Amino acid sequence: MPEPEARKSAAAANAVHPHTATLKRLEKSSGSLAAQAIARMDETLPWYRAMPPENRSWIGLVAQAGIAAFTEWFRHPDAPQAISTDVFGTAPRELTRAITLRQTVEMVRTTIEVMESAIDEVAAPGDEGILREALLVYAREIAFATAQVYAQAAEARGAWDARLESLVVNAVLSGEADEGAVSRAAALGWNSPEHVCVLLGTAPDGDSELTVEAIRRAARHAKLQVLTGVLGDRLVVIAGGSDNPLAVAKSLIGPYAAGPVVAGPVVPDLLAATRSAQAAAAGLKACSAWQDAPRPVLADDLLPERAMAGDPSAREQLVEEIYRPLEEAGSALLETLSVYLEQASSLEGAARMLFVHPNTVRYRLRRVTDVTGWSPSDVRSAFTLRIALILGRLADGDLQL
């Protein structure tokens, strides 16, 4: 039966190889060299000894593949070869997670040292220099191949992490956050901080990855945990580790494009972050109604605009946090506040309408501030209080129907 073409080519190559004797001796000793390399690792590398048997066996296969690849490379030094595939393709991709780049470098160095120490035994007389030079060039190629394998693994993990992070951010923003989202966040390094808030603003033009990395740098500087992503034209940041949302927004505002940046209220955990995100989204939508709004601005400072834009949670918050407490504090406070606002914030005008002394009006207004946290003498707060009164009366009217 005729010999296969591949074997004929190999035989022809061996016949004309200038260092046939060395090549044959290298092929014959490859198994013992691999065994020596494994023994040297076990002797000199503590991390190798501590690894589970399965991973040690994969490392042994990588060492054997490396020596076999060198043999083939020595046979055809001018032929283009994918060394990373020949050597590292024998091990599963998970090995790059179990073994660090530093450990892989130590493994390769140990194997090369074993091969280098055996040159005088393996090389045919007169070929020692040729084999040593070939091993030196091969070691350089292996170093590049190692860097390439770990770079590709890092890129793959980075792409996967980015998709995972985008899923978590989208789940929070859409109100679909559940235990699955919490698990995915934990896989990204989120360690469940006690205080969480959501920031929303316009994403800058350009590479979104650069924007995300800028947010992460700012978060590291501010000692905050973040989950972030660009969704459409919006840059979303879920920040944890601070109970001051305005301070959080100021520390992370740099990467945002021009325009409003709204910080949602602080919530206890990631599952509750949807509430903060929805408040921030409603604030971002309504922010155009407040031309002089600060940047960044709290979603709670935009309650009147949010309420008028149709946000039911803002309407409920104004009624429950302003109108109802005033109602429970007594009719005098509600009446005084209403008259004071109708009289263009005039103490004397309100006092005449109520038939009381101006000091009584002043005292009641201080009580309004104590009860609600909003000062009637401040123009912005007075506007918020007026909207709360309107919504509260409307709510009472609906209850009476």
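Residues numbered from 1 in each chain as written. Predicted model: local features only at pLDDT ≥ 70, side-chain atom pairs only at ≥ 80, totals over all residues. Heavy atoms only, no water.

### Some words on the overall build of the protein
Stage number 1. A count of helices and strands for the protein gives 19 helices and 5 strands.
Stage number 2. Within the span of the protein, comprising 401 residues, buried residues form 44% of the whole.
Stage number 3. Working note: accessible area of the protein is about 21,100 Å², and carbon and sulfur atoms make up 54% of it. (Helix = DSSP H or I, 4+ residues; strand = E, 2+ residues; numbered from the N terminus. Buried < 20%, exposed > 50% of the residue type's maximum accessible area, 1.4 Å probe, protein only. Areas by Shrake-Rupley, 256 points an atom, 1.4 Å probe, with all protein chains shown as cover.)

### Quick word on a negative patch on the surface
Stage number 1. Taken together, E176, D178, E179 and D269 make up a surface patch of like negative charges.
Stage number 2. On the secondary structure map, D178 appears in the loop between α9 (128-174) and α10 (179-187).
Stage number 3. Residue D178 is classed as partly exposed on the basis of its relative accessible area, which comes to 40%. (Patch = residues over 30% accessible without salt bridge, like charges linked within 9 Å, V, L, I, M, F, W, Y side chains within 5 Å. Salt bridge = Lys/Arg side-chain N within 4 Å of Asp/Glu carboxyl O. Lys, Arg positive; Asp, Glu negative; His and termini not counted. Charge placed at Lys NZ, Arg CZ, Asp CG, Glu CD.)

### Observations regarding the packing of aromatic side chains
The geometry of an aromatic ring pair comes down to the distance between the two centres and the angle between the two planes.
Stage number 1. Taken as a whole and judged by the stated rule, the model has 1 aromatic pair.
Stage number 2. Aromatic pair W47 and Y48: ring centres 6.4 Å apart, planes at 85°, arrangement edge-to-face. As far as burial versus exposure is concerned, W47 and Y48 are alike and both buried.
Stage number 3. It is R380 that lies over the ring of W290; its NZ or CZ is 3.5 Å from the centre. (Phe/Tyr/Trp six-rings, centres within 6.5 Å; stacked < 30°, edge-to-face > 60°. Lys NZ or Arg CZ within 6 Å of the ring centre and 35° of its normal.)

### Some thoughts on empty space enclosed by the protein
Stage number 1. Inspection of every chain in the model, using the stated rule, returns 2 cavities of 30 Å³ or more.
Stage number 2. Considered as a void within the structure, the second largest cavity measures approximately 60 Å³ in volume.
Stage number 3. What lines the second largest cavity is simply L26, L33, F70, M115, A118, I119, V122, L131 and L135.
Stage number 4. Of all the elements in the fold, those that place two or more residues in the lining of the second largest cavity are α2 (20-44), α8 (119-122) and α9.
Stage number 5. Broken down by class, the residue content of the lining of the second largest cavity amounts to 9 nonpolar, no polar and no charged. (1 Å grid on protein atoms, 1.4 Å probe; cavity = no way out; pocket = protein on both sides within 12 Å on 5 of 7 lines; lining within 4 Å. Points joined across faces, edges and corners; volume = space filled by probe spheres on them. Nonpolar A, V, L, I, M, F, W, Y, C, P; charged D, E, K, R; others polar.)

### Observations regarding the sheet that holds strand β2 (residues 225-231)
Stage number 1. Pairing in this open sheet of 5 strands is mixed, and the strands run β2-β3-β1-β4-β5 from one edge to the other. Of all the strands in the sheet, the pair left with one neighbour each is β2 and β5 (297-298).
Stage number 2. Contacting β2 and β3 (234-240), helix α11 (residues 208-222) runs over the sheet at an angle of about 160° to β2.
Stage number 3. On the sheet, helix α12 (residues 245-252) packs against β1 (196-202), β2, β3, β4 (261-263) and β5 and is oriented at approximately 45° with respect to β1. (Pairing = 2+ DSSP bridges. Contact = heavy atoms within 4.5 Å. Axes fitted to C-alpha atoms, helices over the stretch in contact; angles between N-to-C directions.)

### Some remarks on the pairing of β2
Stage number 1. Most of β2 sits out of view: 5 of its 7 residues are buried.
Stage number 2. Across 7 bridges, β2 lies against β3 in antiparallel orientation. Paired with V226 across the two strands is A239, which belongs to β3.
Stage number 3. Hairpin connection between β2 and β3: a loop of 2 residues separates the two successive antiparallel strands, and G232 in this loop has a positive phi of roughly 65°.

### Describing the packing of helix α16 (residues 331-342) against helix α18 (residues 358-372)
Stage number 1. Taken N-terminus to C-terminus, the directions of α16 and α18 make an angle of 105°; their axes are 9 Å apart at the nearest point. Taken together, the axes of α16 and α18 lie roughly perpendicular to each other. Contacts between α16 and α18 involve A332, L333, T336, L337 and Y340 from the former and V361, R364, L365, R367, V368 and V371 from the latter.
Stage number 2. Looking at side-chain class alone, the contact of α16 with α18 contains 8 nonpolar, 1 polar and 2 charged residues. (Parallel < 35°, antiparallel > 145°, perpendicular 65-115°, else oblique.)

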